[in-house]
Amino acid sequence: QDDDVQQDPMIRGMADRLATRLATSGGGAEEWQRLIRAYTVLHETDKAKDALASARKALSGDAQAGQQLDALARELGIGG
């Protein structure tokens, strides 16, 4: 339990920085997946779903990235 308390601010900070960078500069599929996973770990399902939608839009020209995002969504239970 104590580990969760100490980890959350660190994970949240990483997620916030990554989200800002992806929104301004874009990024690859791996970075989007990292952000989606971070929001899931933080139990912020709505943010995870929003990040998934943003990732799909940002990576719409990349069929392989789309498949990876679909698989991640199924794995995390946030819609495929």
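Residues numbered from 1 in each chain as written. Predicted model: local features only at pLDDT ≥ 70, side-chain atom pairs only at ≥ 80, totals over all residues. Heavy atoms only, no water.

Moving on, we get to the pattern of salt bridges. Counted under the stated rule, the structure contains five salt bridges. In this structure, R21 engages E31 in a salt bridge whose closest nitrogen and oxygen atoms are separated by 2.8 Å. Remark: E31 occurs in helix α2 (residues 29-41) and R21 occurs in helix α1 (residues 2-25); sequence separation between them is ten residues. With a relative accessible area of 36%, R21 lands in the partly exposed category. In this structure E31 comes out as buried when scored by relative accessible area, which is 18%. One salt bridge in this structure joins K47 and E44, with 3.6 Å as the shortest N-O distance. We classify K47 as partly exposed; its relative accessible area is 39%. Of the residues examined, E44 reaches a relative accessible area of 17% and is grouped as buried. The network of salt bridges with common partners includes R12, E44 and K47. (Salt bridge = Lys/Arg side-chain N within 4 Å of Asp/Glu carboxyl O. Helix = DSSP H or I, 4+ residues; strand = E, 2+ residues; numbered from the N terminus. Buried < 20%, exposed > 50% of the residue type's maximum accessible area, 1.4 Å probe, protein only.)

Looking at the protein as a whole, its pLDDT mean stands at 92, while 91% of the residues score no less than 70. When the elements of the protein are averaged for pLDDT, α1 gives the smallest value, 86, and α2 the largest, 97. (pLDDT = per-residue confidence, 0-100.)

Before going further, it helps to spend a moment on helix α3 (residues 45-58). Between its terminal C-alpha atoms α3 stretches 20 Å, which fits the 20 Å expected from 14 residues at 1.5 Å a residue. On its buried side, α3 packs onto α2 and α4 (63-76). (Expected span 1.5 Å × (residues − 1). Contact = heavy atoms within 4.5 Å.)

Orientation of α2 relative to α3, taken along the N-to-C sense of each, is 170°, at an axis distance of 8 Å. One way to sum up the angle between α2 and α3 is to call them roughly antiparallel. Counting all contacts with α2, which are made through W32, L35, I36, Y39 and T40, the residues of α3 involved are K47, A48, A51, L52, S54, A55 and A58. Per-class residue counts for the contact of α2 with α3 are nine nonpolar, two polar and one charged. (Axes fitted to C-alpha atoms, helices over the stretch in contact; angles between N-to-C directions. Parallel < 35°, antiparallel > 145°, perpendicular 65-115°, else oblique. Nonpolar A, V, L, I, M, F, W, Y, C, P; charged D, E, K, R; others polar.)

Right, let's get into the nonpolar core. Of all hydrophobic cores here, the largest spans 21 residues; its most connected members are L35 and I36. With six residues, α2 is the single largest residue contributor to this core. (Core = buried A, V, L, I, M, F, W, Y, C linked by side-chain atoms within 4.5 Å.)

What follows covers the environment of D8. The topology assignment puts D8 in helix α1. Exposure remark for D8: the relative accessible area of 32% places this residue in the partly exposed category. When the C-alpha atoms of D8 and A51 are compared, they prove to be 18 Å apart, with 43 residues separating the residues in sequence.

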